[in-house]
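Residues per chain are reported as follows:
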Amino acid sequence: MGDLQVLKQPKKYDAVIVGSGAGGGMAAYVLAHAGLKVCLLEAGPMFDPKIDSNQLKNPWESPRRGASTKFRPFGDFDGCYWGWEIDGEPYTHVGDTKWEWWRARMLGGRTNHWGRISLRFGPLDFKRKSIDGLGDDWPIGYEDVKPYYDKIDRMLGVFGTNEGLFNDPDGIFLPPPKPRLHELFIKRAGKNVGVPVIPSRLSILTKQINKERGACFFCAQCGRSCKVYGDFSSSSCLVIPALKTGNVDLVTNAMAREVLTDRDGLATGISYINKENMQEYQVSGRTVILAASACESARLLMNSKSTRHPNGLANSSDVVGRYLHDSTGADMGGIIPELFDRKRYNEDGVGGMHVYSPWWLDNKKLDFPRGYHIEYGGGFGMPLYGFNWGIENLNGAYKIKGQQKEAGGYGASLKEDYRYFFGAHVGMAGRGEAIARRESLCEIDPNVVDKYGIPVLRFNTSYTDYEINQAKHMKETFSEILHSMGAVVTWGGDDGKENNYGLHAPGNIIHEAGTVRMGNDPKNSPLNKWSQAHDCKNLFCVDGGPFVSQADKNITWTILALSMRTSEYIVDELKKQNI
Amino acid sequence: MDRRKSIKTLVIGGISIGAIAEACKLHENSPVPPTSAEKEAVVSGLNRMKEEIAHLKNVDSEPAFFSPEEMATITILGDIIIPRDAVSGSASDAKVPDFMEFIVKDKPELQTPLQGGLRWLDLQCLTRYSNPFKACDLKQQMEMVDEIAWPKKAKPEMSQGVAFFNLMRNLVATGFYTSEIGVKDVGYIGNVPNQWNGVPEDVLRQYNLAYSEKELKECVSFS
């Protein structure tokens, strides 16, 4: 370390963007197409789905048959590098609190891990405090974001149907795929028990929308990333097109250390470490745009202390890191005896559910204030590691081809059982809105640094009865739907009060938001309504950080819309020389 | 349908066919720098980041975990669990023992239950038949397996053997049904470019289901 020095990039950019996921990718795209010079920092390696996707590989092409590893928690074919833990990059917790932190390290960031579920927030979702008195209203409303939802629907593509639901707004949709067999069972059951089941809204191209991207060919593997760019990923749809403008310098394996500021307290750039050679760099820009994920962006701000910003950058409110919340989640699965011994055909479909249930009830009549939606799965899936694991719990419980068998066993009879049960499983998952609370937070751990010497995050989050009661309601609904479709619950049916009704630990649903929230009052919000720091006018945050609340909708589509809105604002403000 | 043929003959979108073929080559026309995992990806067939490659190299360089005797027992048990039948081959035909050897190195938490379970089995056989499992005759082997293969009716003193056999059954089945032979056996016929047109008519009729007019109007269909 005798010759440790900091290399300063001589080029001054119009913007330095930290993170290449949905928020950073969109910012790079908008700024580059407006002719601005952009430096895009990504903490992981290059990834181009056209070249790097594991799409259409067979299970035997993985020596572990698609089993998960710490490198790929969702399996060996999954498109996302890293997940719950990264070698050399720890995070800590206060006491026995839980926060499961997903970190993608690659071009495209967390858009390499998501179900392509692309839901608009509705008018009510921006004004929850006015409805139930909890949390805060956003400083903007649906009418502010709608034009951007419309633009990204057209630009990136999303299938769905216009249903005229007030809080699940219509969009500009491509045609959805027809429901699969188990999804028709779900629809019928939904009708019986009063749960709406409508076409899902996924960012997958059921029709081609431009020359650069192909149409979906129904392999069900969006999770591996798509070689023809048939689904939305920040790499394929935003960053790679932005690179083609010639206005973006992409630096991969660049781990941001802090935001640099000058004597006036304005942002001047980013210092980062090159993870390949451990060399320290500084890059300067007229604006700095954070899009490193809600928690990483908060971490960067809190680690950027200076005389002008003694509590960390953009943190005079002491709100950075607070209001951290994830979607709630609880799940249940079963088996449909009517589907035993099914006729075989290819029902892969798109990489996700073809139908879903938007929130359908009035929370005023319930013991929890916010809603949830239901995601569904099932059918013939590619056999992977764990295929029909636990068959000994199944094959003694049902008559197989008219014959009652003893549980367990072996031999030709067992092989018959595997064939008999294939494609009869169904699963459902509730994804709900948690309340963003000031005391649920991440902060800098005073004692721990990562392998790059950067102080790490310490989490201190919790759930309240609101989220627990919501999980209980999810379970009751799932049980009702499964029962109505003639299914037998095989997992997730034993949860109760003792384990919060199977409510997943916060963070587990991988929708972190709220840590750098927007608001009109600089005393309780780091950002204004343009996602611009109150304390530092040339600093912006465009990931999940600015979210005041996150609705019962997956947040990616709103991250994209808000990032586009902020990016257009930045272009405008730079032109006017306001920043 | 043969995969190669299906890619060639199906028209899916404007650029997809070219893109799939192109994806097999390296970054010739790409405006972006090559990935660090790329060279290795060509070798291993799967895209891997460098930390994964290092892990795989570690696993590959380890000496064999199972002894030749243990592997022989695994092979016999595997073929008892998944034998050749009228539809398909056996666990050993599908090279399940090789998969077992790899997976215990990749998931070390499997090592003790499997190795210990194999020893438990041999000791039982030694007491009963004065031979380790693999040296017992077929009748003795099946007698022993029947003691541990039926969780609900097994004797309480066999519980460790039942747990071991459950693990073997699940692992052998995983290895088998994720092999080319097994995927064909169970009848998974996806993983090919195609056009999803909905549930086949005869299947809809079988379950007394039909698409609604709304669905037929709104959903994408292909002729």
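Conventions we followed
- Residues numbered from 1 in each chain as written.
- Chains lettered and ligands numbered in written order.
- Predicted model: local features only at pLDDT ≥ 70, side-chain atom pairs only at ≥ 80, totals over all residues.
- Heavy atoms only, no water.
- Helix = DSSP H or I, 4+ residues; strand = E, 2+ residues; numbered from the N terminus.
- Buried < 20%, exposed > 50% of the residue type's maximum accessible area, 1.4 Å probe, protein only.
- Contact = heavy atoms within 4.5 Å.
- Areas by Shrake-Rupley, 256 points an atom, 1.4 Å probe, with all protein chains shown as cover.
- Pairing = 2+ DSSP bridges.
- Axes fitted to C-alpha atoms, helices over the stretch in contact; angles between N-to-C directions.
- Expected span 1.5 Å × (residues − 1).
- Arc of directions from axis to C-beta.
- Salt bridge = Lys/Arg side-chain N within 4 Å of Asp/Glu carboxyl O.
- Patch = residues over 30% accessible without salt bridge, like charges linked within 9 Å, V, L, I, M, F, W, Y side chains within 5 Å.
- Core = buried A, V, L, I, M, F, W, Y, C linked by side-chain atoms within 4.5 Å.
- Domains from an automatic or database assignment.
- Buried area = accessible area lost by both parts, 1.4 Å probe.
- Polar contact = N/O pair within 3.5 Å; in protein donor to acceptor, adjacent residues only side chain to side chain.
- Phe/Tyr/Trp six-rings, centres within 6.5 Å; stacked < 30°, edge-to-face > 60°.
- pLDDT = per-residue confidence, 0-100.

Draft legend 1. A look at the overall build of chain B. Of the regular secondary structure elements, chain B holds twelve helices and zero strands. Counting from the amino terminus, chain B carries its helices and strands in the arrangement α-α-α-α-α-α-α-α-α-α-α-α. Buried positions account for 49% of the 223 residues belonging to chain B. Residue pairs at least 24 apart in sequence account for 55% of intrachain contacts in chain B once pairs closer than 6 positions are excluded. As displayed, chain B offers around 11,300 Å² of accessible surface, 55% of which is attributable to carbon and sulfur atoms.

Draft legend 2. Quick peek at the sheet that holds strand E4 (residues 198-199) of chain A. All names here are of chain A. Ordered in space as E4-E10-E11-E14-E9-E17, the six strands form an open sheet in which the pairing is antiparallel. The open sheet has two edge strands, E4 and strand E17 (488-491), and neither has a second partner. Bridge count for E4 against strand E10 (residues 355-357) is two bridges, and the pairing is antiparallel. When the sheet's bridge partners are listed, Ile198 is paired in E10 with Tyr356. Here helix H5 (residues 181-193) sits on the sheet and contacts E10, strand E11 (372-378) and strand E14 (425-432); the angle it forms with E11, its principal contact strand, is near 140 degrees. Against the sheet, helix H9 (residues 465-484) makes contact with strand E9 (328-335), E11, E14 and E17, and its axis sits at roughly 20 degrees relative to E9, the strand it touches most.

Draft legend 3. Main features of helix H4 (residues 50-61) of chain B. Residues and elements named next belong to chain B. Taking 1.5 Å per residue, twelve residues should reach 16 Å; H4 reaches 16 Å between its end C-alpha atoms and fits that length. Considered for burial, the residues of H4 that qualify are Glu52, Ile53, Leu56 and Val59. Down the axis of H4, the buried side of the element spans an arc of 120 degrees, and every buried residue falls inside it. Summarising the geometry of H4, the exposed residues directed more than 90 degrees from the buried face are Lys57, Asn58 and Ser61.

Draft legend 4. Expanded view of the pattern of salt bridges. All names here are of chain A. For the coordinates displayed, the defined rule picks out 57 salt bridges over all chains. Between Asp150 and Lys146 there is a salt bridge, and its shortest N-O distance comes to 2.9 Å. Remark: Lys146 and Asp150 occur in helix H4 (residues 142-156); sequence separation between them is four residues, near one turn of the helix. Owing to a relative accessible area of 15%, Asp150 belongs among the buried residues under this scheme. In this structure, Arg299 and Asp450 form a salt bridge, with 2.8 Å as the shortest nitrogen-oxygen distance. Here Arg299, found in helix H7 (residues 294-302), pairs with Asp450, found in the loop between strand E15 (441-449) and strand E16 (455-460); they are 151 residues apart in sequence, far enough to count as distant. Each member of the pair, Arg299 as well as Asp450, carries the same accessibility label: buried. A single network of salt bridges, built from pairs that share partners, joins Glu89, Arg103, Arg105, Lys275, Glu296, Arg299 and Asp450.

Draft legend 5. Local environment of the sheet that holds strand E3 (residues 92-93) of chain A. Residue and element names in this part refer to chain A. With respect to topology, three strands assemble into an open sheet ordered E3-E16-E15, the strand pairing being mixed. Two strands close off the open sheet at either side, each with one partner strand: E3 and E15. Here E3 pairs with E16 via two bridges, running parallel. Paired with His93 across the bridge in E16 is Phe459.

Draft legend 6. Local environment of a nonpolar patch on the surface. Residues and elements named next belong to chain A. Nonpolar side chains collect at one region of the surface, where Leu124, Ile131 and Phe166 lie side by side and expose about 280 Å² of accessible area between them. By the element assignment, Leu124 lies in the loop between E3 and helix H3 (128-132). Of the residues examined, Leu124 reaches a relative accessible area of 33% and is grouped as partly exposed.

Draft legend 7. Structural view of the environment of Phe74 of chain A. All names here are of chain A. Along the polypeptide, Phe74 turns up in the loop between helix H2 (49-52) and E3. Residues Phe74 and Arg224, 150 residues apart in the sequence, show an inter-C-alpha distance of 9.9 Å. Every residue in contact with Phe74, bar those within four places of it in the chain, is listed here: Ser68, Trp102, His113 and Ile510.

Draft legend 8. Spotlight on the nonpolar core. Within the largest apolar cluster, 112 residues are counted, with the highest numbers of intra-cluster contacts made by Met485 of chain A together with Leu114 of chain B. No other element matches helix H9 (residues 159-177) of chain B, which puts ten residues into this core. Of the domains in this structure, domain 1 (3-186) and domain 2 (193-223) of chain B are the two that each give at least three residues to this core. Ignoring any residue separated from it by four or fewer positions in sequence, one finds Leu114 of chain B in contact with Phe66, Met100, Val104, Phe164, Leu167, Met168 and Leu171 of chain B.

Draft legend 9. Region of interest: the interface of chain B and chain A. With 99 residues of chain B at the contact, the number on the chain A side is 94 residues. Carbon and sulfur atoms supply 63% of the area buried between chain B and chain A, which totals about 8,200 Å² over both sides. The interface formed by chain B and chain A includes eleven salt bridges. For Arg48 of chain B, the salt bridge identified is with Asp76 of chain A, shortest N-O distance 2.8 Å. Our count for the contact surface shared by chain B and chain A stands at 42 residue pairs in polar contact (both at pLDDT 80 or more).

Draft legend 10. A look at the pairing of strand E19 (residues 536-541) of chain A. Residues and elements named next belong to chain A. Burial of E19 is extensive: five of the six residues sit out of reach of the surface. With three bridges joining them, strand E8 (residues 280-290) and E19 adopt parallel strand pairing. In the sheet register, Val288 faces E19, and the bridge partner there is Leu539. Here strand E18 (residues 532-533) pairs with E19 via two bridges, running antiparallel. Bridging from a neighbouring strand, Gln532 pairs with Phe540 of E19. Linkage of E18 to E19, two consecutive antiparallel strands, is achieved through a turn of two residues.

Draft legend 11. Representation of the packing of aromatic side chains. All names here are of chain A. Considering all chains together, one arrives at 41 aromatic pairs over all chains under this definition. Taking 5.5 Å as the distance between ring centres and 80 degrees as the angle between the ring planes, the aromatic pair formed by Tyr91 and Trp101 counts as edge-to-face. Pair noted here: Tyr91 is in the loop between H2 and E3 and Trp101 is in the loop between E3 and H3, with a separation of ten residues, a long-range link. Considered together, Tyr91 and Trp101 belong to a single accessibility category, that of buried residues. Ring geometry for Trp360 and Tyr372: centres 5.6 Å apart, planes at 85 degrees, overall edge-to-face. Taken together, the residues Trp360 in the loop between E10 and E11 and Tyr372 in strand E11 connect sequence positions twelve residues apart.

Draft legend 12. Seen up close, the confidence of the model for chain B. Residues and elements named next belong to chain B. In this model, chain B carries an average pLDDT of 86, and 80% of its residues clear a pLDDT of 70 or more. Below pLDDT 50 for its whole length, residues 1-43 participates in 72 contacts with residues either more than four positions away or in separate chains. Complex prediction metrics read pTM 0.94 and ipTM 0.95.

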